[in-house]
There are 2 protein chains.
Amino acid sequence: MRKQAANNGQDLAWLRKCAIRCAGYEQRESDKLMPPKISDVARLANVHPSTVSRALDPTKRSRISDEIVARVTKIANDIGYRPNAVAASMRTGSTRTIGVVVHDVNDPIYPPLIKGLEDAVLDTGLMVMLGNGGFSADRASGLVDRMIARAVDGIVLATTVLDDPLVEKCLAAKIPTVSMVRYPRDGSVTSVVNDCVSGMEQMTQHVIECGHQRVACIAGPQTSSAGHNRLIGVRSSLHRSGIDLPPEFLKITDQPRMEAGYAATMELLSLATPPTAIICVNDVVAMGAMRACRELGVSCPEDVSITGFNNVAFTEFVAPGLTTVAVDFQRIGDLAGRALLSEIEGKCPQKNIQTVPCHVVSRDSLRVI
Amino acid sequence: MRKQAANNGQDLAWLRKCAIRCAGYEQRESDKLMPPKISDVARLANVHPSTVSRALDPTKRSRISDEIVARVTKIANDIGYRPNAVAASMRTGSTRTIGVVVHDVNDPIYPPLIKGLEDAVLDTGLMVMLGNGGFSADRASGLVDRMIARAVDGIVLATTVLDDPLVEKCLAAKIPTVSMVRYPRDGSVTSVVNDCVSGMEQMTQHVIECGHQRVACIAGPQTSSAGHNRLIGVRSSLHRSGIDLPPEFLKITDQPRMEAGYAATMELLSLATPPTAIICVNDVVAMGAMRACRELGVSCPEDVSITGFNNVAFTEFVAPGLTTVAVDFQRIGDLAGRALLSEIEGKCPQKNIQTVPCHVVSRDSLRVI
DNA sequence: TTGTAAGCGTTATCAG
DNA sequence: CTGATAACGCTTACAA
């Protein structure tokens, strides 16, 4: 003890090298030097571990004498002490980690959501655990199981369907949960979404104003609020203008990916009287539609207009420039992150649905006829 | 005890409802029902917690009598017991979680890397913790600190520069580490990269074969192996063909983003004798170059050819179709995941650099002159 | 202001 | 094949 006390005044550089051994610690198992722990710091500083804990915690630092805070801080730095977050989690019940479930990070809507989310929670010290459900309910469910097992402090679901067992699972596990981009029918979790109905109404209105009467729609799965509401938006605007949406002009896809857009467009364009405009549930589907046009030698927008939704990163560079609906995913991610933080901090006012507006971006894939 | 034993033969459905309470457990703190723990299962099954642990572990299940395995399994299911992974980590030292550090998930090279990685490690039960360094060394460093504090089993760095303090930090923390897409100069960690030198040589050769003599290059930061090697590839091919790369034709960017490509191209095209071809370090920079062309009223590829690198998701849809170098990022992610698994399992044969080949994809942005 | 002691929920190790 | 015990590293009442 006295020997250690004497060391405190000296240059502590040597501590870094021989660390624990030099201070007379017993050898750790299998002579594999373990990282320094709180008790190592405590011994070197001649204080109790709990004092170290307090000295190193900005919240409680004030209750410790300046001298000890300084000594402890220095020694901790010198020997490269890092609090073991796992052990802390065990005690506090908080892992300072949140889980995020998406379908596939390759879908261009997710990166800005993820980034917005991370940015929103980063200063609070939270980390993000990411899982790609890959459109498989089982895989997504397994992912959530693991997140729960790892005691994440909260979960953000971006895969929510209207009746979602995953939402129930998170709720049953009493884990703060937020849904983004989609919401469950029962509103059982706070959700941050864009206004799909309005977005599609605006787009459809725009299409109609361009003179289109034969309007087709490649819709998304009706099991998700986004797919459902976007179709509602199309229908509502069409109806208001007295335009019919005949069954052969409505293609509902299971997975709104490029292949689906391609396949649906191949069918639409081989109709006896094909549509003059195709409203797609999203940009990726619209790209598939464009590819089908190219293969069929049908010109877009000369022969057929195509519209997208989401305004994902590359849409401004495609040819023809895709007319679409801009959605601020980064902001949605940000709001979802803040909402989750509120839930985690326990101040959850009400489960609610936050809606961010979206608006049409006119480019070249939609033309006036 | 006897009472519980009797219950085992009965319908255990009621257990789910009243769970712990019904079995005569003392009330848990603040009457907030905590999730069931291993000892809860143990009591209900009339066995010791360690027996439950073994019965539920596929590895050790064989050492337990079938009868007990069945009983324990049923009860665990009935009361919805989930092993607390945090507590297990505390004991085993393994969190079954890996950290992944990228610059920005919005950069289209990262999603396939991340997905490939996740797919590679998913069956082994690992989860992925994601961090966006955002081109800030400090932020990335903080991210790694937190990952280490959370005791991740391994780290995959996709932000590695030739002399990387982050690599050293991971190594110092004795954490299995793998680098992807880039490697450190000293080869101190196993790395999985694409063959940038060869890729750029092929591309440059292709440009030369198209008859270009005035070839410019918008290079990436020379602090990273990718940026460095791609420029080497350009230089090497040019040199072999006896073509000069004058200083004004070489633009080196700090952050190879769209803005950089735009700015560099604006300069290149305002030269007295501008280049006829611009070789860009990546697709995103090439998009910036294309935008500059559009603004300047310079036609691509009529007036100037532009090439990219990476063949990211949207390149085939842009106009003109971008001639680029295809890199299989999903595969790189997969290999990085496998490499990390080997490191984690301790069978790290040698630190090495795995190189996956890449090849030119010809589209329309490069033309014969 | 600092020390004491009790856990957090698992699993490894050793006994039986 | 199963049970008992200890330990993983930290935090936090409570006590001094």
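Everything numeric here is computed off the predicted structure, so don't read it as measured data.

J.: Just give me the short version of the packing of helix 3 (residues 38–45) of chain B against helix 5 (residues 66–78) of chain B, but keep the residues and values in it.
T.: Residue and element names in this part refer to chain B. The N-to-C vectors of helix 3 and helix 5 enclose an angle of 125°; their axes lie 9 Å apart at closest approach. Regarding the angle of helix 3 to helix 5, the classification is oblique. Of the two possible hands of crossing, helix 3 and helix 5 adopt the one that is right-handed. Contacts between helix 3 and helix 5 pair Val-41, Leu-44 and Ala-45 from the former with Arg-71, Val-72, Ile-75 and Ala-76 from the latter. Considering only residue class, the contact of helix 3 with helix 5 consists of six nonpolar, no polar and one charged.

J.: I'd like a description of the environment of Arg331(B), backed by residues and values.
T.: Mapping Arg331(B) onto the fold places it in helix 14 (residues 329–344). Residues Arg331(B) and Thr95(B), spaced 236 residues apart in sequence, show a C-alpha to C-alpha distance of 25 Å.

J.: Can you explain the protein's contact with DNA strand C? Please cite residues and give values.
T.: As a matter of local geometry, DNA strand C sits amid 27 residues, with His48(A), Thr51(A), Ser65(A), Arg91(A) and Ile38(B) nearest to it. Interatomic distance of 2.7 Å between a side-chain N/O atom of Arg54(A) and a base nitrogen of DNA strand C. A distance of 2.6 Å is found between a phosphate oxygen of DNA strand C and a side-chain nitrogen or oxygen belonging to Ser53(B). Examining the composition of the surface near DNA strand C, we find that five residues originate from one element, helix 6 (residues 85–92) of chain B, more than from any other. When its residues are assigned to classes, the surface near DNA strand C shows ten nonpolar, eight polar and nine charged.

J.: Before we move on, can you summarise the sheet that holds strand 8 (residues 277–280) of chain B with the specific residues and values?
T.: Residue and element names in this part refer to chain B. Overall, parallel pairing links the four strands, which are arranged 7-6-8-9 in an open sheet. Only two strands of the sheet have a single partner each, and these edge strands are strand 7 (250–252) and strand 9 (305–307). If you compare each strand with its neighbour and ignore which way they point, the axes differ by 15° on average. Two strands pair when backbone bridges link them, and strand 6 (residues 215–219) and strand 7 are joined in this way by three bridges, in the parallel orientation. Looking at the pairing, Ala-219 lines up with Ile-252 of strand 7. Across the face of the sheet, helix 13 (residues 283–296) comes into contact with strand 6, strand 8 and strand 9 while running at roughly 160° to strand 9.

J.: So what about the relation of the copies chain B and chain A? Which residues, and what values?
T.: Note on the identical chains: chain B maps onto chain A by a rotation of 180° and an axial translation of 0.0 Å, with an RMSD of 0.1 Å. In the structure described here, the two chain copies are related by an operation that fits a two-fold rotation axis. Both copies share a contact surface, since 98% of the interface residues of chain B are interface residues in chain A too.

J.: How would you explain unusual backbone geometry if you had to name every residue and give the values?
T.: All names here are of chain A. Note that the residue after Ala-319, namely Pro-320, is joined by a cis bond; omega there is -5°. A positive phi is found at Lys-174, a non-glycine position, where the angle reads about 60°. Structurally, Lys-174 can be placed in the loop between helix 9 (165–172) and strand 4 (177–180).

J.: Can you tell me about the environment of Phe314(B), naming the residues and giving the values?
T.: Looking at the element boundaries, Phe314(B) is found in the loop between strand 9 and strand 10 (324–326). C-alpha separation for the pair Phe314(B) and Pro108(B), spaced 206 residues apart in sequence, amounts to 8.8 Å. Every residue in contact with Phe314(B), bar those within four places of it in the chain, is listed here: Phe314(A), Pro108(B) and Met287(B).

J.: Kindly report on the interface of chain B and chain A, identifying the contributing residues and their values.
T.: Contacts between chain B and chain A engage 50 residues on the former and 49 residues on the latter. Taken together, the two surfaces of chain B and chain A that pack against each other cover about 4,300 Å², and 61% of this comes from carbon and sulfur. At the boundary of chain B and chain A, one finds eight salt bridges. In this structure, Glu118(B) engages Arg139(A) in a salt bridge whose closest nitrogen and oxygen atoms are separated by 2.7 Å. For the pair chain B and chain A, the interface holds 26 residue pairs in polar contact (both at pLDDT 80 or more). Elements supplying a minimum of two residues to the side of chain B that touches chain A: helix 6, helix 7 (110–122), strand 2 (127–132), helix 8 (137–149) and helix 13 of chain B. A per-class count over the side of chain B that touches chain A returns 27 nonpolar, nine polar and 14 charged. Examined bridge by bridge, strand 2 (residues 127–132) of chain A and strand 2 of chain B share three bridges and lie antiparallel to one another. Residue pairing across strands places Met129(A) opposite Met129(B), the latter belonging to strand 2 of chain B.

Basis of the calculations
Residues numbered from 1 in each chain as written. Chains lettered and ligands numbered in written order. Predicted model: local features only at pLDDT ≥ 70, side-chain atom pairs only at ≥ 80, totals over all residues. Heavy atoms only, no water. Axes fitted to C-alpha atoms, helices over the stretch in contact; angles between N-to-C directions. Helix = DSSP H or I, 4+ residues; strand = E, 2+ residues; numbered from the N terminus. Parallel < 35°, antiparallel > 145°, perpendicular 65-115°, else oblique. Left-handed = near helix turned anticlockwise from the far one by under 90°. Contact = heavy atoms within 4.5 Å. Nonpolar A, V, L, I, M, F, W, Y, C, P; charged D, E, K, R; others polar. Near = heavy atom within 4 Å. Polar contact = N/O pair within 3.5 Å; in protein donor to acceptor, adjacent residues only side chain to side chain. Pairing = 2+ DSSP bridges. Least-squares fit on C-alpha atoms with pLDDT ≥ 70 in both. Buried area = accessible area lost by both parts, 1.4 Å probe. Salt bridge = Lys/Arg side-chain N within 4 Å of Asp/Glu carboxyl O.

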